[in-house]
Amino acid sequence: MKEKTKYIIISIVSLISFILLWDLVSKSGIISAKKLPAPSKLFETFIYKLGNKNPDGNTLPIHIWTSLKEALIGFFFGIVIGVPLGISMAWFKKFDKFFSPLFDLIKPIPPVGWVPIMITFFGIGIMSKVSVIFIASFIPAVINSYSGIKQTREVHKWVSQTFGASNRQVLFTIAIPSAGPMIFTGARVALNGSWVSLVAAELIASTKGLGYMIQTARLVGRIDVVFVGVLVIGVFGAAMMEGLSFLERKLVKGGRRS
Amino acid sequence: MINKTFTKDMRETWMYGILGFLVFLLVWQAACVFTNFGKIFPTPKVSLAAFLQAFVEPIGRHTLLGHISISLRRVLIGYTLSSITGIIIGLLMGYSKLAHAIIYPIFCIIRPIPGIAWIPLAILWIGIGEPTIHFIIFMGGFSQMVMNTMDGAQHVDTELVGVAKVLGAKENQIFRKIVLPSSIPYIFTGLQTSLSTSWMAVLAAEMITAREGAGWLIIAGMQTGRIENNVIGMIAIGLVGLILATLLRNAERRLCRWTVRSR
Amino acid sequence: MDSTKQVKKEKPIITMERISKTFQVEDGEVKVIDQIDLDIRENEFLVLFGAGQCGKTTLLKMLAGLETISGGSIKIDEKELKGFNPKVGMVYQTTALFPWLTVMGNVEFGPKARGIGKTERQKKAQYYIDLVGLTGFEKHFPSMLSGGMQQRVGIARAYCNDPEIILMDEPFGHLDAQTRYMMEEEVEKIWQEEKRTIIFVTNNIEEALYLADRIVILTECPARVLTEYKIDIPRPRSLVSEEFLSLREEISSLVDLREGGNDAE
Ligand SMILES: Nc1ncnc2c1ncn2[C@@H]1O[C@H](COP(=O)(O)OP(=O)(O)O)[C@@H](O)[C@H]1O
Ligand SMILES: [Mg+2]
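Residues numbered from 1 in each chain as written. Chains lettered and ligands numbered in written order. Predicted model: local features only at pLDDT ≥ 70, side-chain atom pairs only at ≥ 80, totals over all residues. Heavy atoms only, no water.

Participant: Looking at this structure, I do not really get the overall build of chain A. What am I missing?
Facilitator: Secondary structure summary: chain A contains 10 helices and zero strands in total. In sequence order, the secondary structure elements of chain A are arranged as α-α-α-α-α-α-α-α-α-α. Computed over the C-alpha atoms, the radius of gyration of chain A is 23 Å, more than 25% above the 18 Å expected from 2.2 N^0.38 for a compact globule of 258 residues. On the principal axes, the C-alpha backbone points of chain A span a range of 75 × 60 × 30 Å. For chain A, the proportion of its 258 residues judged to be buried stands at 49%. (Helix = DSSP H or I, 4+ residues; strand = E, 2+ residues; numbered from the N terminus. Rg over C-alpha atoms; globule rule 2.2 N^0.38 Å. Buried < 20%, exposed > 50% of the residue type's maximum accessible area, 1.4 Å probe, protein only.)

As C-alpha cells, this is what we get:
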C-alpha cells in the first residue's frame, strides 16, 4: 500500500517535471517557440480556439462536433452491419464460403486507401468520410465476431447434441453471448480505426473537423493550433475508448479476463 | 470416408469462393455498364489491363513496382525503429515499477494520438521529405508496440520467476531468460498490429507529402481523374498488406514454437 | 537394492524452530503456520502429510526462500536461512516448467544460470534426463509432453542443480492413479541412486506410506505438528502388506480424511 502511494507520487513528479522542462526549453529558446510552443501558450490557444474561428474558419467545438459525429456514424454502421455478417459467416457454412474470399480481398487494404475512391464517388463531404470510417470499423467487426463464434464452435455442437437444443437456440443463447468479449474487442479495434481514418480523411480532403483544422493551421504556420488540435484528437480518442470500455463492463458481465 | 467428405468440403469451398468472386465482378461490370458508376469508374477488364500495364509503364516517376518498393522501404525503416524502441520501452515499463511510474504518465499523453495526426506537426518540424515520412510511420506503430510489450512483461508468471530464483538466477538473468521470452507472444501481437498501422500511416503520409509511393499513386489517380490508377494502387496495396501479414505470421510460428500444441 | 538403509543419528541438515507464518490480507491477518518445530536428517525421506489448504505449500516456499518467515528460525547446515539457498531445490505442484524452453533447456537452466560451461552442464542435464527416463525427448517442448512426463522434467531440473535438499510439493497431485504409482516408484528409485534429503508434501496417505522414512502429520490451518510416524517397512514396499494396511488404517482414523477428496490446489 505504501509502495503504491510512493509510485503515484513519483508519477506526479515525473509529469510535472516533464511539463516544466517543456516550458523551460520553449521559453528559454533552446527550441524555438515556433517549433515547440510552451504549455502555457498552448493553454491560451486552446481557450482562444474555443470561441474563435481563426485561422481555419470554425471554432474548436464545431470541429470536435463534426469529427465526433462523422466517426460515430461510420462506426455505428460498421458495427451494425459487420457484427451480424461476421456471426452469420461463422454460423452458416455456405455464407462463409461465399463471403470469405471476397472479404479476404478487401481486408488487407488499409481504410485510408479508400479515401480517394470515396471522394471520387461522393465528393468532399460527410458521405465520403463516413464511408471510409464505415470500412475501417466494418472489417474488424466482421473478423472478431467471426472468430469469436468459431472459437467456441465445438462446445456449441456438443451442447446442441447433448441437450437437444435447436441450432437457433444454441446460436442465440450460447454462441453469441460467449462470443461477446471477442465482439467487444472487435468494437474497440473498430473504434480506434474509425478515429484514425477520420483524421486521415480530414487531413486529405475536407472543409471541417479536427484533421482539417490541424492541416489548415499547418499551412498558415500556426503551430500552436496544430498542437492543440493534435492533443484534442488524442483526448477525444481516449475518451471514446473509455466510453466503450464502460459500455462493455455494463453489458458483458464477467466475460473479460482481467 | 473422412477423406471423401473432406474433398467434398474442399470442392464446395472453391465453388462458393469462385461463385462469390464472379458475382462481385458481375456486379462491378453491371454497375459500369448500366449506371453512372461507369462514367467515373473503370470496368474490371480495363482495371486488370491497367494493372498489368503498370508493371512496365511508369505512372508519374515510377512503375507500379517502383512505387510499391519505395513505400515498403519507408515502412521498413519507420517500423523497424518503432519496433525496437517500442519493445525496449515496453519491457522497461512492464518490468520495472519505477520506470513505469516515471514514463507511463508522459507516454499517456502521446499514446492516444494516431500516427497520422502527427503529419502536420512532423512537416512543420522536419519539413517535407523522407525523415518526415519515417517519423509518421514511427509514431503510427510506436504506442501499440509499447502497450503490447508492456502487457507481456507485466503478465509474466510470478511462479516461474520464483522457480528461476530458486534455481539460482540473478536479477538480470530473470529479465533475459524469463521476462523476455514470456513477453514474446505479446510482442508478436504488437508487431502485427503495428505493421498494419505502419502500412496505413505510410499511405496517408504519401497522400499528403510525397511525390511517389503507393499512397501518392492513389491520390494522384483521384486528382488527375485517372481512377484506374487508383484501383491499381488499391489492388497493389491490398496484396502487399496481405504478404506482409503472412510473412510476420510465419515468423511468429517459427519463433513461438512452444505455444503451438502438437497432438 | 539397498535394503539395509539406516538413518544415521547425526546432526540434522534442517532445523526448524518454532516457525510461523502470517499473511497480511485485506481484513487483517491469517495465521497459516503456527510454531512448527522440526528436525530433518541428511538423506531422510520426510513426508509432510496434511489436508488441503493447511499451509504445506507455504512451509515449503519458506524453505525455498520464496516466502518470508514471520517468526522462529530455519537453519540449514546450522546456518540461518535467509532468502534463496543453492542447497535447496524444488519440484512444484503445477510443474512450473518454462514453456519456451525444451526439456534440455529446462533441465540445464540452473547450471546455466550459475555459469557452468555448455558441455559440462549438458552432460549433466543429459544424465538426469536419462535418469528420469526421458531419453529422446530432449528437444521437446513441455506442451508436447504428458502430465507425468512434465513432472519428470521438473524432477530432473531440480536434481540437475545439485541441491542437497529437494522439496516436492504434491508433485503427483494432478496425475491419474496409474501414472502416480509409476512416478512414486520412480522417485523412490532415484532417491536410492542419488541420495538427497527429500521433503515430500502430499495429502495422499498411500503415497506417504509408500515413500516415507518418517511421516509428519500436520493439523488443519494453521498448521502445527499433530504427530509423527517413523516408517520402518522395508523397501520396496507392498501396498497391500498387513503392516502397510494397518498403518494406513491408523493414520486415516487419526486425521479426518476424506479419501480421494480434499485434493485442493
Ligand atoms: N500470498 C498469500 N496471501 C494470503 N494468503 C495466502 C497466501 N498464500 C497462501 N495463502 C493462504 O494460506 C493457506 C495455506 O495455503 P497453502 O500453503 O497453499 O496450503 P496447502 O499447500 O496445504 O494446500 C490458504 O488458506 C491460502 O489461502
Ligand atoms: Mg499446496
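Participant: Would you mind showing me how to read the interface of chain B and chain A here?
Facilitator: Many structure descriptions define interface size as the accessible area lost when the parts assemble. At the interface, 49 residues of chain B touch 46 residues of chain A. Around 4,400 Å² of area is buried between chain B and chain A when both sides are counted, 82% of it from carbon and sulfur atoms. Applying the counting criterion to the chain B and chain A interface returns one salt bridge. The residue K97 of chain A makes a salt bridge to E12 of chain B at a minimum N-O spacing of 3.4 Å. At the junction of chain B with chain A, the criterion picks out six residue pairs in polar contact (both at pLDDT 80 or more). If you list the elements that add at least two residues to the side of chain B that touches chain A, you get α1 (2-34), α2 (37-40), α5 (97-110), α6 (119-126), α9 (171-209), α10 (214-223) and α11 (227-255) of chain B. For the side of chain B that touches chain A, the element with the highest residue contribution is α1 of chain B, accounting for 10 residues. Along the lines of polarity and charge, the residues of the side of chain B that touches chain A split into 38 nonpolar, eight polar and three charged. (Contact = heavy atoms within 4.5 Å. Buried area = accessible area lost by both parts, 1.4 Å probe. Salt bridge = Lys/Arg side-chain N within 4 Å of Asp/Glu carboxyl O. Polar contact = N/O pair within 3.5 Å; in protein donor to acceptor, adjacent residues only side chain to side chain. Nonpolar A, V, L, I, M, F, W, Y, C, P; charged D, E, K, R; others polar.)

Participant: What am I meant to see in the packing of aromatic side chains here?
Facilitator: The relative placement of two aromatic rings is captured by the distance of their centres and the angle of their planes. Applying the stated criterion to the full structure yields 29 aromatic pairs over all chains. Through a chain of ring-to-ring contacts, the aromatic side chains of F18, W22 and F227 of chain A together with W118, W125 and F135 of chain B assemble into a single cluster. The cationic tip of K6 of chain A hangs over the ring face of Y7 of chain A; the distance from NZ or CZ to the ring centre is 5.0 Å. If you follow K195 of chain C out to its NZ or CZ, it ends over the ring of W191 of chain C, 3.9 Å from the centre. (Phe/Tyr/Trp six-rings, centres within 6.5 Å; stacked < 30°, edge-to-face > 60°. Lys NZ or Arg CZ within 6 Å of the ring centre and 35° of its normal.)

Participant: Can you help me understand the arrangement of the chains in this one?
Facilitator: Of all two pairs of chains that touch, the greatest number of contacts is found between chains A and B. At the level of C-alpha atoms, the two units chain A and chain C stay apart, their nearest approach being 11 Å.

Participant: Is there a simple way to explain the interface of chain B and chain C in this structure?
Facilitator: Facing 20 residues of chain B, the contacting portion of chain C comprises 23 residues. Regarding the contact of chain B and chain C, the summed buried area is about 2,000 Å², with carbon and sulfur atoms giving 69% of it. On the chain B side of the contact with chain C, V166, L167 and W258 of chain B bury the most area, a combined 36% of that side's loss. At the boundary of chain B with chain C, the tally comes to zero salt bridges. Those elements that provide at least two residues to the side of chain B that touches chain C are α8 (158-166) and α9 of chain B. Top element by residues in the side of chain B that touches chain C is α8 of chain B. It accounts for seven residues. In terms of residue class, the side of chain B that touches chain C is built from 10 nonpolar, five polar and five charged.

Participant: What should I look at first to understand the site of ligand 1 in this one?
Facilitator: Residues and elements named next belong to chain C. Around ligand 1 sit F23, V25, V32, A51, G52, Q53, C54, G55, K56, T57 and T58, and that is every residue in its neighbourhood. Residue C54 places a main-chain N or O atom 3.1 Å away from an oxygen atom belonging to ligand 1. K56 places a main-chain nitrogen or oxygen 2.9 Å from an oxygen atom of ligand 1. Protein contacts shield 67% of the accessible area of ligand 1, which totals 560 Å² for the unbound molecule. The set of elements that each furnish at least two residues to the shell around ligand 1 consists of β1 (12-25) and α1 (56-64). Per element, the largest residue contribution to the shell around ligand 1 is three residues, and it comes from α1. In terms of residue class, the shell around ligand 1 is built from five nonpolar, five polar and one charged. (Near = heavy atom within 4 Å. Areas by Shrake-Rupley, 256 points an atom, 1.4 Å probe, with all protein chains shown as cover.)

Participant: Help me understand the pairing of strand β3 (residues 45-49) of chain C in this model?
Facilitator: Walk down a regular strand and you will see the side chains alternate between the two sheet faces. Residues and elements named next belong to chain C. Counting buried residues in β3 gives five out of five residues, a clear majority hidden from the surface. When β3 meets strand β8 (residues 197-202), the two strands line up parallel, connected through five bridges. Counterpart to L46 in the pairing with β8 is I199. Note: β3 against strand β9 (residues 214-218), four bridges, orientation parallel. Across the sheet, L46 pairs through a bridge with R214, a residue of β9. (Pairing = 2+ DSSP bridges.)

Participant: Help me out: how do you make sense of the sheet that holds strand β10 (residues 225-230) of chain C in this one?
Facilitator: Pairing between the strands of a sheet is mediated by backbone hydrogen bonds and can be parallel or antiparallel. Residues and elements named next belong to chain C. Ordered by their spatial adjacency, six strands build an open sheet running β6-β7-β8-β3-β9-β10, and the pairing between neighbours is mixed. Both outer strands of the open sheet, β6 (88-91) and β10, are each paired with one neighbouring strand and no more. With strand direction ignored, the average angle separating the axes of adjacent strands in the sheet is 20 degrees. As paired elements, β6 and strand β7 (residues 165-169) share four bridges and run parallel to each other. The partner of V88 across the bridge, within β7, is I165. Those strands touched by α1 are β3, β6, β7, β8 and β9, and its axis lies near 155 degrees from that of β7. (Axes fitted to C-alpha atoms, helices over the stretch in contact; angles between N-to-C directions.)

Participant: Even after reading the chapter, I still don't get unusual backbone geometry, so can you show me in this structure?
Facilitator: Note: most peptide bonds trans; most residues except glycine with negative phi. Of the consecutive residues N54 of chain A and P55 of chain A, the connecting peptide bond is found in the cis state with omega at -5 degrees. Note that P55 of chain A resides in the loop between α2 (39-51) and α3 (60-91). In this structure, the amide linkage connecting R235 of chain C to the following residue, P236 of chain C, adopts the cis form with an omega of -10 degrees. Mapped onto the elements of the fold, P236 of chain C is located in the loop between β10 and α8 (242-254).

Participant: Help me out: how do you make sense of the side chain of R214 of chain C in this one?
Facilitator: All names here are of chain C. With respect to the helices and strands, the residue R214 is situated in strand β9. Residue class for R214 comes out buried when judged on its relative accessible area of 6%. Within polar-contact distance, the side chain of R214 engages the side chain of E228 at 3.0 Å. When residues no more than four places from it in sequence are discounted, the contact partners of R214 are L38, D39, I40, R41, E44, F45, L46, V47, E228, Y229, K230 and I231.

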